[in-house]
Amino acid sequence: MKLVLTVVVLVGALASTCSGYQVKPKNYTATVEQLQHEYARAEKDFEREFRIWKHTGVKTPRFREMIDSWKVPREERGMELEDLPIQREGQICLLCRSIVGQLMQQRQNGATRDDLFETAYELCTTLQIQEPDVCYGVIEINIDFFIYIFDNRPSLGSDTVCAVIFQSSACILSDPEFLDWSVNVDASGRPVTVSLKLFKIDKIG
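- Going by the annotation in an unreviewed UniProt entry, the name recorded for the protein chain is (northern house mosquito) hypothetical protein, with Culex pipiens given as the source organism.

Here is the structure:
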């Protein structure tokens, strides 16, 4: 509980009364960087409790406590991460990293598509990320893409996956493969343009 409270307090330091794409507080960047260490600790906590659940089929009181504290309110569903109140950005990023990390680990341990689907669906509904039918549909549409990524990029971290998904300052993208890249452009090439042909309307009368 102490760890969860620490994360909440640190994220709360970013709080603002604004909504939408808010102007970030002066200490926003430094606080988010500090939160990365707390994320790592909370992910370890989640990992331990998650493994107990998958091994025994029982959610410990600690795991239930974590799930209850991370449930997504109805009004936040479907919102972009940076449209949320600032104090929620870090919590949602942590939630993403924890879930994706365990799904990746499950796959590395031999979990089938059905195993991953069942886990993702239960977490989606238990955490109230969306309504059950929406959880089912979104997972069904995306699960094969994620399995392909898990199988072909085993070194990819959940922090990178969530940073790419959310594109938020609270989810820091630090993977050099996603940062250090360039595109070769032919200096003698011609830019691609779109020609719009307007309908000509003849004057009547």
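### Some remarks on the pattern of salt bridges
At step 1: One pass over the full model with this rule turns up 13 salt bridges.
At step 2: Between lysine 71 and aspartate 68 there is a salt bridge, with the nearest N and O atoms lying 3.3 Å from each other.
At step 3: Exposure remark for lysine 71: the relative accessible area of 29% places this residue in the partly exposed category.
At step 4: Among the charged side chains, a network of salt bridges with common partners joins Asp45, Arg48, Glu49, Arg62 and Glu65.

### Considerations on the confidence of the model for the protein chain
One rule of thumb: low pLDDT means the predicted coordinates there are not for detailed reading.
At step 1: On average, residues of the protein chain score 75 in pLDDT, and 70% of them reach the 70 mark or higher.
At step 2: No element of the protein chain has a lower mean pLDDT than helix 1 (residues 2-12), at 34, and none a higher one than helix 5 (residues 113-126), at 94.
At step 3: Overall, residues 195-205 carries pLDDT values under 50, and its contacts beyond four positions in sequence, including any with other chains, amount to zero contacts.

### Quick notes on the state of the cysteines
At step 1: What the rule picks out here adds up to two disulfides.
At step 2: One disulfide bridge connects cysteine 96 with cysteine 162, the sulfur atoms lying 2.0 Å from each other. Across the S-S bond of cysteine 96 and cysteine 162 the torsion is about -90 degrees, and the bridge reads as left-handed. Here cysteine 96, found in helix 4 (residues 86-108), pairs with cysteine 162, found in helix 7 (residues 158-166); they are 66 residues apart in sequence, far enough to count as distant.
At step 3: A relative accessible area of 11% places cysteine 96 in the buried class.
At step 4: Note on cysteine connectivity: cysteine 124 is disulfide-linked to cysteine 135, with sulfurs 2.0 Å apart.

### Some remarks on the packing of aromatic side chains
At step 1: In the structure shown here, the tally under the stated rule is eight aromatic pairs.
At step 2: Measuring from ring centre to ring centre gives 5.5 Å for phenylalanine 50 and tryptophan 53, while their planes differ by 80 degrees; the resulting arrangement is edge-to-face. Of this pair, phenylalanine 50 and tryptophan 53 both sit in helix 2 (residues 28-56), three residues apart, roughly one helical turn.
At step 3: A connected cluster of aromatic rings, assembled from ring pairs, spans Phe46, Phe50, Trp53, Phe63 and Trp70.
At step 4: In this structure, lysine 54 is placed above the aromatic ring of tryptophan 53, and the distance from its NZ or CZ to the ring centre is 4.4 Å.

### Some words on helix 6 (residues 132-152)
At step 1: A rise of 1.5 Å per residue sets the reference length of helix 6, with its 21 residues, at 30 Å; its end C-alpha atoms lie 29 Å apart and thus fit the reference within 8%.
At step 2: For helix 6, the principal kink sits at asparagine 142 and spans about 45 degrees.
At step 3: What helix 6 keeps buried is the set Cys135, Ile139, Ile143, Ile147 and Phe150.

### Regarding the environment of serine 158
At step 1: In this fold, serine 158 is placed in helix 7.
At step 2: We classify serine 158 as buried; its relative accessible area is 11%.
At step 3: For the pair serine 158 and isoleucine 99, spaced 59 residues apart in the sequence, the C-alpha separation amounts to 8.4 Å.
At step 4: Residues within four places of serine 158 in sequence aside, it is in contact with Glu43, Arg97, Val100, Gly101 and Met104.

### Section: the nonpolar core
At step 1: If you look at the biggest cluster of nonpolar residues, it comprises 38 residues, and the most contacted ones within it are Phe46, Trp70, Ile99 and Leu127.
At step 2: Mapped onto this core, the elements with two or more residues apiece are helix 2, helix 3 (61-70), helix 4, helix 5, helix 6 and helix 7.
At step 3: Per element, the largest residue contribution to this core is nine residues, and it comes from helix 4.
At step 4: Residues contacting tryptophan 70, with those up to four places away along its chain left out, are Phe46, Leu94, Leu95, Ser98 and Leu127.

What counts and what doesn't
- Residues numbered from 1 in each chain as written.
- Predicted model: local features only at pLDDT ≥ 70, side-chain atom pairs only at ≥ 80, totals over all residues.
- Heavy atoms only, no water.
- Salt bridge = Lys/Arg side-chain N within 4 Å of Asp/Glu carboxyl O.
- Buried < 20%, exposed > 50% of the residue type's maximum accessible area, 1.4 Å probe, protein only.
- pLDDT = per-residue confidence, 0-100.
- Helix = DSSP H or I, 4+ residues; strand = E, 2+ residues; numbered from the N terminus.
- Contact = heavy atoms within 4.5 Å.
- Disulfide = S-S within 2.5 Å.
- Phe/Tyr/Trp six-rings, centres within 6.5 Å; stacked < 30°, edge-to-face > 60°.
- Lys NZ or Arg CZ within 6 Å of the ring centre and 35° of its normal.
- Expected span 1.5 Å × (residues − 1).
- Bend = angle between axes of the 7 residues up to and from the residue.
- Core = buried A, V, L, I, M, F, W, Y, C linked by side-chain atoms within 4.5 Å.

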